[in-house]
Structures are given as C-alpha cells and as structure tokens.
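Single-letter residue listing:
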Amino acid sequence: MTVHLVGAGPGDPGLVTVRGAQLLAIADVVVFDRLTAAELLEMAPPGCEMVNVGKDPSGSSVSQDRINELLVAHGRAGRCVVRLKGGDPFVFARGAEEAAALEAAGVDYEVVPGITSAFAAPAYAGIPVTLRYSSTHVTVVTGHEDLSKGRTDVDWEAIASGGGTIVILMGVGRWQSIRQRLLSGGLDPLTPAAAVQWGTTPRQRTVRATLSTLEQADMAPPATIVVGNVAGEELDWFERRPLFGRSVVVTRAKAQAGGLADLLSRRGADVIVAPTIEVVDADDGGASLRAAIDGIATANWVVVTSPNGAERLADSLRDARDLAGVSVAAIGPGTASALAEHRLVADLVPGRHVAESLLEEFPDPPAGGGRVVILRAQEGRDVLPDGLAERGWTVELVPAYRTVPAVPADSLRERIEAADAVLFASSSAVRNWVAAMGGTCPPVVGAIGPITAQTASDAGMPVGVQPEQSTLDDFVDALCAHFAAQGGTG
Ligand code: SAH
C-alpha cells in the first residue's frame, strides 16, 4: 500500500482537493497536525486509526524523525496511509523530508498537492497576489528559519529590491526585523501591507496597513503577511458575507444538521453542530411502523408531521405503488420538501405550519368513512389525531420514530458558551438543551416555528429570531436579517 502525502488546504475544508477527499474516504490511518479541520477528519471511514502528531499524549508535538518512522512503519504494514498536511505538503511543510524517508525505506508514496495558504489566505482576504501590469511576480518566503543554523539564508534586501508581491509565511514572530530589512532593501514605508490571520476559516481576520504601520501586535499566528501594492486591494467577498464573524449553534439531530449547517456556513457563519436530539426507532423497534406501511395502500390519507417522519415513510415503503391511491399531507414545507426528495409530492400543506391549521384544512371523511394514517414522533402532541377522530375519521396513530436527548460533546462546550446564536428546530431540542446546558443561552435564540418559540420562551430563552415560514431557508434569512438590523459584527 501507499503512503499519501496529502495537502489539506489552508483551513476551509472545502478547499481539499478531490483526490485528497477520495483518499481520506478509504484511509486505514490518517496522520494529521494540530490545525487540521475536523470536517476533513470526519471524511475518514469508521474504524480508521487517527494519529495526531500535532500533540503526543504528553502534550508536546511529535518530532519529525518520529513522524517519518511512523509513516514508514504504517506503510510497510500494508495500510492505506494519509498524511494530511496543512496547505500544500511541499510548501514550507517538510513534506519533502517525509517523502525522502519513504523513498529511503522503499515504501511506495504519492504526493497530492494542496491549496497553499500563501495564495488562498490573501484570496479570501480580497488580495490577488498578482495583478496584470502592476504586480507581475510574487515571492513566497518563510519568516521562520531554522534557528539552529545561526544565520539567515533569506536575503530580505534582495527580495525588497526585486519588487513585486512578497508573501511571508511564519513571519509574525519576526516581523519587526523582517520589516527593518525590507526597508533597508529600499521598500517604501508606505507600501501596502496586510496580515491575514486564520485565512479561509470563519475566524479569518485581516489587518490592512502599510509596511511602516503593520504592527506585530496586530497579528497572531497562523497568519500570512502580504507586502506590495496588491495588499491595498479590497475585493472583500468573504468577510462581507452576512453571517461572517458570527458563531451559530445548530441543535438538530446529526443526520439533519447538514442542511441547516450548510446554509449557515454558506452565509459565512462559524457553525457549531451540537445536536441535542438523536432520532431512533420507536420503543417497539419499528414494528407498528412496518405494520402500518404494510396496510398503507388501503388508507385514504397518510399524514406526515416532520421531516423525520418523511424519511421513515420513504425508507420503509416496499413499493412506491402502495401509495397510488393514498393522499399525502405534510405539516409544513420542510416536511413537504423531505417528501419531495423521495419523489412524493404532498397533496396538502397547510398555510400555517402547525397541527391546528392542518386540522382546519383537512377534508371531511367520505360518506362511508375513511382511514388516516398519521406518522409522527412517539412523543408527539395529540391535537391532530384527536381532532381528526372527532371529525369522523378512523385514525391510525403510528409512532414512526422516537427522539432521545443527546448531550453536546464536552469538547464543544467552550465554543457553545461563546456562541452568538443558537437555533432550535423543535420543542424537544429546546428541552434537551436546557437539560444538557443548564442556563447557557447565547445572546440570540432562534426558533423555527411558533410552538418551538413558545417552548423556548417558557424555558427562559427569549426568542429573537423566528421566520414567517417554517423553512430552513427562511430561518437562515431571518437570522441574517436580525444581525443586519443589529449592525456591526462580532
Ligand atoms: N504548507 C503550508 C504552510 C505551512 S507553514 C501551506 O502551504 O499553506 C505554516 C504557516 O502557514 C503559518 O505560520 C502561516 O504563516 C501560514 N498559514 C497556515 N494556515 C494559515 C491560515 N489559515 N491563514 C493564514 N496563514 C496560514
């Protein structure tokens, strides 16, 4: 098997290459560094061995020799090894030393280049590293040389006199002396200079200044410093996004977090996925759901009261034609779109997305009576079944699933406590939050609909964000509007 030296990209997990993602998905062992994005590690298959060489058990980082030995040993053992390295593995990353060790040991290896922070961090800060006519070359240089050498190989004066754009990695700690040498090399003190910290991540921060005014105190690692006319460009597409600088806790069940989390991060939010709910089979192990689906073809209606119910219905149908003569009602647009993903178009979606309004809009039973199958959570409210029964329907109430409380991981607590907002998509998510997190309540609380909002305010969490329509898109829009009205970020 092969040891793959894979560039993880600069921070945004979306910037890993397709090849890198393919290899992660089949890895037996992943060897990673301190700053590796959790989303990339989650791409590895279950059971994959994860080796953090950013820190060993004693808390100090693993030596390069030890890393080389590890790669050789795992490679020799015939395992598919992914060595994830920040940015590009061959740009100031000692990837070459690892490749040389594998070469010397006769272990097969592959290099998967990555997007380097040298170019990506400036790009996300709105700084093109070259510009036609005015900045025709770019020098990428390390500000951190091997101290043990006792001398410097970087000819900063020559770099200064060469003009063009200068991109400095690992330069924060030595900025004063680097600046001094660039000035003595003849650079104008008014040359634009910028520092991009945590580039391409939701924590990105850009400081724009000049060579003489950019101060060490303004920046902290990891940061990329850009010196040159291009550093004055402000093609500020990333930090301008409506939720940039906001951290938002999503409390939905893990399987569903994708949709909401994705919508939020596309608007620039730092999303903390901390489900307070997990969806499992009903207490009967799914028996009544299976029985209901077996007899579904003879029902007049099936009513689905949540996206979870929609998934369960679609997953347990044996034959799509069983629903041929059955009308389908969805409690709201979120449920309707979960059905639509399985090519089931709801016949009835009430104007207001609560059980009461579904009840109002539901037709009367046919003359000889009719049967309604309601698929819902085991612990759901009884408004709908009781109401339909009163109207003369034969109601079959099916506990299609059960939600159980989940407790957010301890490792997330600190981020959750510092978050700007928390979003709830159900009353049980609210109740479980209170049980798990006690009085922790971010400044902004969002609820997807009126019932959830009521539960939250009853629990002492005043709701500041509630969409008119209970859809995820509207939920996220409402959050953006809330922050826009507040003005400023962070
Ligand atoms: N191989 C990496 C560079 C490793 S050296 C690459 O190609 O990107 C580590 C340095 O990279 C840091 O000190 C910092 O200067 C820069 N860097 C890494 N991640 C960064 C980020 N998200 N934003 C800004 N600079 C970053």
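Refer to the structure above for everything that follows.
Criteria and thresholds
Residues numbered from 1 in each chain as written. Predicted model: local features only at pLDDT ≥ 70, side-chain atom pairs only at ≥ 80, totals over all residues. Heavy atoms only, no water. Helix = DSSP H or I, 4+ residues; strand = E, 2+ residues; numbered from the N terminus. Buried < 20%, exposed > 50% of the residue type's maximum accessible area, 1.4 Å probe, protein only. Contact = heavy atoms within 4.5 Å. Areas by Shrake-Rupley, 256 points an atom, 1.4 Å probe, with all protein chains shown as cover. Lys, Arg positive; Asp, Glu negative; His and termini not counted. Charge placed at Lys NZ, Arg CZ, Asp CG, Glu CD. Phe/Tyr/Trp six-rings, centres within 6.5 Å; stacked < 30°, edge-to-face > 60°. Lys NZ or Arg CZ within 6 Å of the ring centre and 35° of its normal. Polar contact = N/O pair within 3.5 Å; in protein donor to acceptor, adjacent residues only side chain to side chain. Axes fitted to C-alpha atoms, helices over the stretch in contact; angles between N-to-C directions. Parallel < 35°, antiparallel > 145°, perpendicular 65-115°, else oblique. Left-handed = near helix turned anticlockwise from the far one by under 90°. Near = heavy atom within 4 Å. Nonpolar A, V, L, I, M, F, W, Y, C, P; charged D, E, K, R; others polar. Pairing = 2+ DSSP bridges.

Student: What is the right way to look at the overall build of the protein in this model?
Tutor: Helices and strands together make up the secondary structure of the protein, namely 17 helices and 19 strands. Dimensions of the protein along its principal axes, counting C-alpha atoms only, are 95 × 55 × 45 Å. Every one of the 490 residues in the protein was classed for burial, and the buried ones make up 49%. Pairs at least 24 apart in sequence give 67% of the contacts found in the protein among residues at least 6 apart. Accessible surface, the protein as shown: approximately 22,300 Å² in total, 52% of it carbon and sulfur. Here the protein carries 39 positive and 58 negative side-chain charges, and the mean point of each set is 3 Å from the other.

Student: Please clarify how the packing of aromatic side chains should be interpreted in this entry.
Tutor: Pairs of aromatic rings are described using the distance from one ring centre to the other and the angle between the two planes. Overall, the coordinates contain seven aromatic pairs when judged by the stated rule. Pairing Phe 424 with Trp 433 gives two aromatic rings, centres 5.7 Å apart and planes at 80 degrees, and the pair type is edge-to-face. Classification of Phe 424 by relative accessible area gives buried; the value is 0%. The buried category is assigned to Trp 433, whose relative accessible area is 0%. Of the aromatic side chains, those joined through ring pairs into one cluster are Tyr 124, Trp 237, Phe 238 and Phe 244. Directly above the aromatic system of Trp 198 lies the positively charged group of Arg 203, at a separation of 4.0 Å from the ring centroid.

Student: When you look at the side chain of Glu 98 in this model, what are you seeing that I'm missing?
Tutor: When you line up the elements, Glu 98 lands in helix H4 (residues 95-105). Reaching out from Glu 98, the side chain makes a polar contact with the side chain of Gln 64 at a distance of 2.9 Å. What Glu 98 contacts, discounting residues up to four positions off in sequence, is Leu 5, Gln 64, Ile 67, Asn 68, Leu 71, Arg 83 and Lys 85.

Student: Help me understand the packing of helix H15 (residues 427-437) against helix H16 (residues 450-458), please; the structure alone is not making it clear to me.
Tutor: When two helices pack together, their arrangement is given by the angle between the helix axes and the distance between those axes. Contact geometry for H15 and H16: axes closest at 8 Å, N-to-C directions at 20 degrees. Put simply, H15 runs roughly parallel to H16. Taken as a pair, H15 and H16 cross one another with a handedness that is right-handed. Where H15 approaches H16, its residues Ser 427, Val 430 and Arg 431 are matched on the opposing element by Ile 451, Thr 452, Thr 455 and Ala 456.

Student: What's the story with the site of the ligand in this structure? I'm lost.
Tutor: The environment of the ligand is made up of 18 residues, and the closest members are Val 91, Thr 116, Ser 117, Gly 199 and Ala 223. Here Asp 88 contributes a backbone N or O atom positioned 2.9 Å from an oxygen atom of the ligand. Contact between the ligand and Thr 224: a nitrogen atom at 2.8 Å from a side-chain N or O atom of the residue. Protein contact buries 87% of the 550 Å² of open area that the ligand shows by itself. Counting residues per element, the ones that place at least two in the shell around the ligand are helix H5 (117-124) and strand S10 (223-227). In terms of residue class, the shell around the ligand is made up of 11 nonpolar, six polar and one charged.

Student: Could you clarify how one ought to interpret the sheet that holds strand S5 (residues 109-112) in this entry?
Tutor: Hydrogen bonds between backbone atoms are what pair the strands of a sheet, whose relative direction is either parallel or antiparallel. Spatial ordering of the open sheet is given by S3-S2-S4-S1-S5, a layout of five strands whose pairing is parallel. Single-partner strands in this sheet number two, and they are strand S3 (49-52) and S5. Across the sheet, the axes of successive neighbouring strands diverge by a mean angle of 15 degrees, strand direction being ignored. As defined by bridge partners, strand S2 (residues 29-32) adjoins strand S4 (residues 81-85) across three bridges and the pair is classed as parallel. Paired with Val 31 across the two strands is Arg 83, which belongs to S4. Lying over the sheet, helix H1 (residues 18-25) contacts strand S1 (3-7), S2, S4 and S5, oriented at roughly 135 degrees with respect to S5. Packed onto the sheet, H4 meets S1, S4 and S5 and runs at close to 170 degrees relative to S1.

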